[in-house]
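Residues per chain, in single letters:
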Amino acid sequence: MQRVSRERLHREGGWVLAPTFFFPSYGAKLCNVFSKKFTVETANKKKGKKFKQTWTENMTKAGDHKIKTDFKGSDYTRITFQPEFNRFHMAGISARFFKFRT
């Protein structure tokens, strides 16, 4: 499967990096909005690049993106997040939830 390019895309308001545009614009955006911390990381072996960016406080604060140009590993995309459970009146993920998911 081909990974999302890390090239720049033009959109209203200026130029953005492709992962910054794609990931928060689709299903991951909902996860981001309801997370205390949300990180997108994607890498492409062929281009030798790795992109990483973190958002906090329900996507209201975007950290600076980081691009490494000496990447030699396998292609991957990783999304990690810390849900804001109190918005859903939860203390965390319950055993009942895990049972429901399996």
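Residues numbered from 1 in each chain as written. Predicted model: local features only at pLDDT ≥ 70, side-chain atom pairs only at ≥ 80, totals over all residues. Heavy atoms only, no water.

Student: What am I meant to see in a positive patch on the surface here?
Tutor: Among the surface-exposed residues, Lys 37, Lys 52, Lys 66 and Lys 68 lie close enough to one another that they form a single positively charged patch. Among the structural elements, Lys 37 can be located in strand β3 (residues 35-44). With relative accessibility at 37%, the residue Lys 37 sits in the partly exposed group. (Patch = residues over 30% accessible without salt bridge, like charges linked within 9 Å, V, L, I, M, F, W, Y side chains within 5 Å. Areas by Shrake-Rupley, 256 points an atom, 1.4 Å probe, with all protein chains shown as cover. Salt bridge = Lys/Arg side-chain N within 4 Å of Asp/Glu carboxyl O. Lys, Arg positive; Asp, Glu negative; His and termini not counted. Charge placed at Lys NZ, Arg CZ, Asp CG, Glu CD. Helix = DSSP H or I, 4+ residues; strand = E, 2+ residues; numbered from the N terminus. Buried < 20%, exposed > 50% of the residue type's maximum accessible area, 1.4 Å probe, protein only.)

Student: How should the environment of Thr 60 be read in this particular structure?
Tutor: Checked against the element boundaries, Thr 60 lands in the loop between β4 (49-56) and β5 (61-62). You can call Thr 60 exposed: its relative accessible area is 59%. Sequence separation between Thr 60 and Asn 32 is 28 residues, and the spatial gap between their C-alpha atoms is 9.6 Å. Reaching out from Thr 60, the side chain makes a polar contact with the backbone oxygen of Glu 57 at a distance of 2.6 Å. (Polar contact = N/O pair within 3.5 Å; in protein donor to acceptor, adjacent residues only side chain to side chain.)

Student: What am I meant to see in the side chain of Asn 44 here?
Tutor: When you line up the elements, Asn 44 lands in strand β3. Only 3.0 Å separates the side chain of Asn 44 from the backbone nitrogen of Lys 46, close enough to count as a polar contact.

Student: Looking at this structure, I do not really get the pattern of salt bridges. What am I missing?
Tutor: Note on pairing: side chains with opposite charge can pair once their charged atoms come close. For the structure on display, the rule yields 4 salt bridges. As a salt-bridge pair, Glu 41 and Lys 50 come within 3.3 Å of each other at their nearest N and O atoms. We note that Glu 41, like Lys 50, is buried. Among the salt bridges present, the one from Arg 78 reaches Glu 41, with a minimum N-O distance of 3.4 Å. Taken together, the positions of Arg 78 in strand β7 (residues 76-83) and Glu 41 in strand β3 put the pair 37 residues apart, joining distant regions of the chain.

Student: Sorry if this is basic, but what is going on with the packing of aromatic side chains here?
Tutor: The relation between two aromatic rings is expressed through the spacing of the ring centres and the mutual angle of the planes. One pass over the full model with this rule turns up 3 aromatic pairs. Between Phe 71 and Tyr 76, the ring centres sit 6.0 Å apart and the planes meet at 55°, which makes this aromatic pair tilted. (Phe/Tyr/Trp six-rings, centres within 6.5 Å; stacked < 30°, edge-to-face > 60°.)

Student: So what exactly am I meant to see when it comes to the environment of Arg 87 here?
Tutor: Mapped onto the fold, Arg 87 is located in the loop between β7 and α3 (95-101). The sequence separation of Arg 87 and Ser 35 amounts to 52 residues, and the corresponding C-alpha distance is 9.6 Å. If near-sequence neighbours (up to four positions away) are discounted, Arg 87 is found in contact with Val 33, Phe 34 and Asn 58. (Contact = heavy atoms within 4.5 Å.)

Student: Where do I start with the confidence of the model for the chain in this structure?
Tutor: Low pLDDT marks regions whose predicted coordinates should not be analysed in detail. Mean pLDDT over the chain stands at 76; residues scoring 70 or higher make up 73%. Contacts from residues 1-16, a stretch scored under 50 in pLDDT, to residues over four places away or in other chains number 38 contacts. (pLDDT = per-residue confidence, 0-100.)

Student: Before we go on, may I ask you to explain unusual backbone geometry in this structure?
Tutor: Generally, phi is negative for residues other than glycine and the peptide bonds are trans, each holding for most cases. Positive phi outside glycine occurs at Met 59, with the angle close to 70°. Position of Met 59 relative to the elements: it lies in the loop between β4 and β5. Notably, His 89 is not glycine yet its phi reads approximately 55°, a positive angle. Along the chain, His 89 falls in the loop between β7 and α3. Its relative accessible area of 77% is what places His 89 among the exposed residues.

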